[in-house]
Amino acid sequence: SGEFNGDGKIDIVVVNTGIDSMTIFFGIGDGKFTNDTQYSTGIGSKPYSVAVGHFNNDNFIDIVVANYGSHSIGIFFGYGNGHFTLEVTYSIGISQPLLVLIHDVNNDDRLDIISVNNGTNSISIIFGYNNGTFSREMLYSTGYDSLPFAAAVGDFNNDKQIDIAIINYGTCTVSILLGYGQGLFAFENTYFIGYNARPYSIAVRDLNKDNKLDIIVGNSGTGTIVAFFGFGNGTFGNKTSFTSNIFGPQEIVIADVNNDDVEDIIITNSFNHSVWIFIGDNEGNFPTQITASTGVNSKPSSIISVELNNDKHKDVIVVDKGTNNIIVMLGYSPISFLNKTTYSNGIDSPSSVAVGHFNNDNRLDFVVVNSQGSNIAIFLANSNGGFSMNDTYSTGFMTYPKTVAIADFDNDTRLDIIVTFSTDDVIKIFFGTGNAKFGNRTSYSTGVESGSQSIAIGDVNNDGRLDIVVGNVYAANIGLFIGIDYRKFEYRTIYMIGNNANPSSVALGDFNNDNRLDIVFAADAENNLIIIFGLGNGTFINSTAFPLGYDSAPYSIVLADFNNDTKLDIAVACQKLFNIQIFLALANGTFANPKPYLTQDKALPISIAVSDFNNDKILDIAVGHLNSSYIGIFIGTADGSFTNQITFSTGKQTSSSVIAVGNFNNDDYMDVVIANTQSNNIEIFIR
């Protein structure tokens with residue numbers, strides 16, 4: 001990237017290996033680009049790499065290209081107005097250059113060119129004269145069959161001379177070429193990365209704040225990122241691995257993505273169609289992993305990090321070889337989780353979790369439904385930010401509870417717990433007795449062979465008492481419990497959906513701004529959202545269906561005003577489409593066409609929650625998945641749209657299916673609790 005046309009805005013240059021050209025995209029200052037211009041690099045040139053710098057002392061940016069096919073270095077001299085000369089080439093034998101770097105390697109205040117030559121197992125240094133011409137190449141062999149793939153520069157031994165680190169794809173090593181002044185170098189040390197590592201990318205930066213440069217390498221063969229921490233004398237310690245099983249890491253860039261003055265690692269991952277971000281902790285560790293999707297069929301390769309829209313957040317530009325596109329990922333107020341704590345005591349196939357204050361100590365607690373254990377477990381917050389299991393309450397022998405919710409149904413200022421059962425024909429309420437204790441369960445029938453799965457709570461008849469709406473999957477209907485007196489409810493069926501329609505999720509909200517609660521539910525088998533409008537007296541009319549797409553399998557609904565227009569919008573998780581869909585409200589209970597947002601790696605979204613995770617006063621969405629080992633966050637923008645999903649690892653074989661949010665440590669940041677069905681535990685992610 002560079003500023004090619006004198007307008008003060010960042011532009012992008014990309015080489016096109018398949019069509020022997022380079023393309024320039026001109027920035028317009030808001031993270032968008034326009035008016036691409038293409039320049040030929042010569043027939044059969046197969047350009048592989050590009051860099052920019054000032055080569056002829058005219059203060060205009062020039063462009064240098066590594067032409068793999070024609071064994072040459074090509075230079076385009078800039079005019080400062082977005083236009084460039086035709087290519088001037090310098091032959092470097094039968095080198096097959098893969099990468100070019102630009103730096104003043106001999107301290108003469110003139111930029112030089114370093115070329116990594118895959119075909120001749122060497123690197124070349126071409127010294128600049130600052131008038132647009134260059135010296136003959138100086139060649140350094142990297143060894144027989146080394147197949148050098150990339151390089152990075154830095155002063156590794158603090159002698160004020162530029163040194164070069166080279167990764168060798170063939171021998172799975174890093175070679176250190178130390179500079180001795182006047183542009184002279186000598187190989188000093190070689191570090192083995194690992195068998196079949198196949199190093200693909202390299203970066204140099206001080207990762208642990210010791211004022212000594214370190215080396216970071218991405219390995220395509222073993223799917224690892226490794227670091228060699230520098231001692232400041234040109235030597236490095238044993239490798240340290242940060243992660244494994246990335247599968248297909250491409251290019252690494254180092255940047256401070258969360259503005260904490262600590263370096264983070266960004267790497268493209270072609271196999272998983274994503275960009276991975278590893279958040280640094282100031283000591284050379286990277287405990288938090290974020291994943292951002294680049295889209296289906298994408299193959300992200302090259303990457304740079306710059307600030308495109310002057311918002312003080314690092315942005316990312318990705319070259320996508322899969323779709324032949326450039327992807328711009330704008331930075332936002334960052335999210336990271338400081339730590340993750342796992343709780344397994346008292347957990348047996350958790351299927352739902354809810355958050356609330358059970359003992360009035362101003363700390364959020366949570367309740368978990370254990371499906372296989374046929375009970376609910378109460379976890380109370382303690383003073384050090386952790387949780388301990390306080391008690392369990394049986395839901396009945398082999399009842400297999402499904403969903404849990406919290407409300408004060410009897411107006412005694414104590415929270416009660418309500419549980420649904422997909423294999424039983426009742427809901428059960430555990431009424432709070434104070435100090436995180438609950439009485440024996442009270443059952444309320446939902447009808448013969450009803451199978452209540454989902455639940456919503458609100459005052460649908462405006463009498464000041466809470467009512468309960470349930471979605472009955474076997475009876476294919478919506479049921480309503482009208483609160484009539486102290487712990488008493490009257491049940492009625494208010495909407496028949498149709499055979500096997502499976503109302504998998506239900507929610508209450510006022511969609512037409514008449515101050516009366518309406519009901520929205522996901523009809524699984526019909527692949528629709530259905531809204532029935534309330535009259536304010538416990539009756540409902542005029543159902544409206546909103547299609548979600550063939551075989552969408554909607555499973556979870558959440559309501560919020562995503563674009564701050566005072567209208568209630570809808571987010572729904574569609575399992576079989578691997579996406580969430582956002583319905584932005586228009587007027588009078590109507591909605592714009594839904595906009596889908598894909599989850600990572602065809603993960604099945606099954607639970608969603610809403611909160612402002614990055615404190616930008618815009619709502620974001622957290623997603624739990626049935627068949628993945630991470631939680632996903634979609635960052636909201638002011639217009640009700642969302643970024644691509646970023647992810648946070650929950651560990652192997654977790655299946656983070658159920659998710660809830662709350663500020664567990666009273667620090668003004670929202671945290672996340674998830675119930676992992678496969679690994680039988682609860683995890684708390686603290687911001």
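Position numbers for residues count from 1 along each chain, tracking the sequence in the order it is written. Residues qualify for local features only when their pLDDT is at least 70, as the model is predicted, and side-chain atom pairs are given and counted only at 80 or more; totals for whole chains, interfaces and linings, by contrast, use all residues. To obtain the side-chain values, all non-hydrogen atoms of the structure were included, while hydrogens and water were left out.

Some thoughts on the environment of Asn627
Among the structural elements, Asn627 can be located in the loop between strand S51 (620-625) and strand S52 (630-634). For Asn627, a relative accessible area of 45% puts it in the partly exposed group. Note: C-alpha distance between Asn627 and Leu604 (23 residues apart in sequence) is 6.1 Å. Where helices and strands are cited, they refer to DSSP runs of H or I of at least four residues and of E of at least two residues respectively, numbered from the N terminus. Only protein chains enter the accessibility calculation, which uses a 1.4 Å probe; a residue whose area is less than 20% of its type maximum is buried, one above 50% is exposed, and one in between is partly exposed.

Regarding the environment of Ala66
Among the secondary structure elements, Ala66 is positioned in strand S5 (residues 62-67). With a relative accessible area of 0%, Ala66 lands in the buried category. The spatial distance from the C-alpha of Ala66 to the C-alpha of Val50 is 6.4 Å, given a sequence separation of 16 residues. Pairs of residues are marked as contacts when any of their non-hydrogen atoms sit within 4.5 Å. Once residues lying within four places of it in the same chain are set aside, the contact partners of Ala66 are Lys46, Pro47, Tyr48, Ser49, Ser72, Ile73, Pro97, Leu98, Leu99 and Val100.

Description of the side chain of Thr395
For Thr395, the position within the fold is in the loop between strand S31 (387-394) and strand S32 (401-407). Throughout this description, a polar contact denotes any pair of N or O atoms lying within 3.5 Å of each other; where both atoms belong to protein, one of them has to be capable of donating a hydrogen while the other can accept it, and for residues adjacent in sequence the pair is counted only when both atoms sit in side chains. Of note is the side chain of Thr395, whose polar atom sits 2.8 Å from the side chain of Thr399. Not counting the four nearest positions on each side in its chain, Thr395 is found in contact with Ser374, Asn375, Ile376, Pro401, Phe421, Lys428, Phe430 and Arg441.

A closer look at unusual backbone geometry
Positive phi values are uncommon outside glycine, yet Thr413 reaches one of about 65 degrees. In this structure, Thr413 sits in the loop between S32 and strand S33 (416-421). With phi around 55 degrees, Asn462 is a residue other than glycine that occupies positive phi space. By the secondary structure assignment, Asn462 is in the loop between strand S38 (452-458) and strand S39 (467-472). Judged by its relative accessible area of 49%, Asn462 is partly exposed.

Notes on the pattern of salt bridges
Take a side-chain nitrogen of Lys or Arg and a carboxyl oxygen of Asp or Glu: if they are within 4 Å of each other, that pair is a salt bridge. The final tally for this structure, using the stated rule, is eight salt bridges. Two residues, Lys209 and Asp261, come together in a salt bridge whose shortest N-O distance is 3.6 Å. With Lys209 in the loop between strand S16 (199-205) and strand S17 (214-219) and Asp261 in the loop between strand S20 (249-255) and strand S21 (264-269), this residue pair connects regions lying 52 residues apart in the sequence. We note a salt bridge from Arg465 to Asp463, for which the minimum N-O separation is 3.4 Å. Assessed through its relative accessible area of 36%, Arg465 is described here as partly exposed.

Description of the nonpolar core
The nonpolar core is taken to be a set of buried Ala, Val, Leu, Ile, Met, Phe, Trp, Tyr and Cys residues, with the residues joined through side-chain atoms within 4.5 Å. With 36 residues, the main nonpolar core has Ile164, Val174, Ile176 and Ile215 as its most contacted residues. The contacts of Ile215, once residues within four sequence positions are left out, are Ala165, Val174, Ile176, Ile202, Ala203, Val204, Val226, Ala227, Phe228 and Phe236. Val318, Phe613, Ala622 and Ile674 belong to the second largest nonpolar core, which has 27 residues in total.

A short note on the sheet that holds strand S25 (residues 315-320)
With antiparallel pairing, three strands are arranged side by side in an open sheet as S24-S25-S26. With partners counted over all chains shown, the strands left at the sheet margins are strand S24 (300-306) and strand S26 (325-329), one partner each. Within this sheet the neighbouring strands show an average axis-to-axis angle of 20 degrees, counted without direction. Any two strands with at least two DSSP bridges between them are considered paired. Sheet topology note: the S25/S26 ladder contains five bridges and is antiparallel. In the strand pairing of S26, Val318 is matched with Ile327. Axis definition: a line fit to C-alpha positions, over the contact stretch in the case of helices; interaxial angles, taken between N-to-C directions, run 0 to 180 degrees.

Topic: the packing of aromatic side chains
Working definition: a ring pair exists when centres of Phe, Tyr or Trp rings (six-membered ring for Trp) sit within 6.5 Å. Plane angles under 30 degrees give stacked, over 60 give edge-to-face, the rest tilted. Scanning the model with the defined rule gives 33 aromatic pairs in all. With a centroid separation of 5.4 Å and an interplanar angle of 75 degrees, the aromatic rings of Phe156 and Phe236 are classed as edge-to-face. Here Phe236 lies in strand S19 (residues 236-243) and Phe156 lies in the loop between strand S12 (148-154) and strand S13 (163-168), a separation of 80 residues in the sequence. What makes Phe236 buried here is its relative accessible area of 6%. Both rings, one in Tyr495 and one in Phe521, keep their centres 5.6 Å apart while their planes meet at 55 degrees; by these two values the pair is tilted. Residue Tyr495 is found in strand S41 (residues 488-496), and its partner Phe521 is found in strand S43 (residues 518-523); the two are separated by 26 residues along the sequence. Joined through ring pairs, the aromatic side chains of Tyr343, Phe366, Phe379, Phe387 and Phe664 make up one cluster. Ring-over charges, as used throughout, are those where CZ of Arg or NZ of Lys falls within 6 Å of the ring centre and within 35 degrees of the ring normal. Here the basic side chain of Lys428 rests over the ring of Phe421, its NZ or CZ set 4.9 Å away from the ring centre.

Such coordinate-based values are descriptive only and should not be taken to indicate function.
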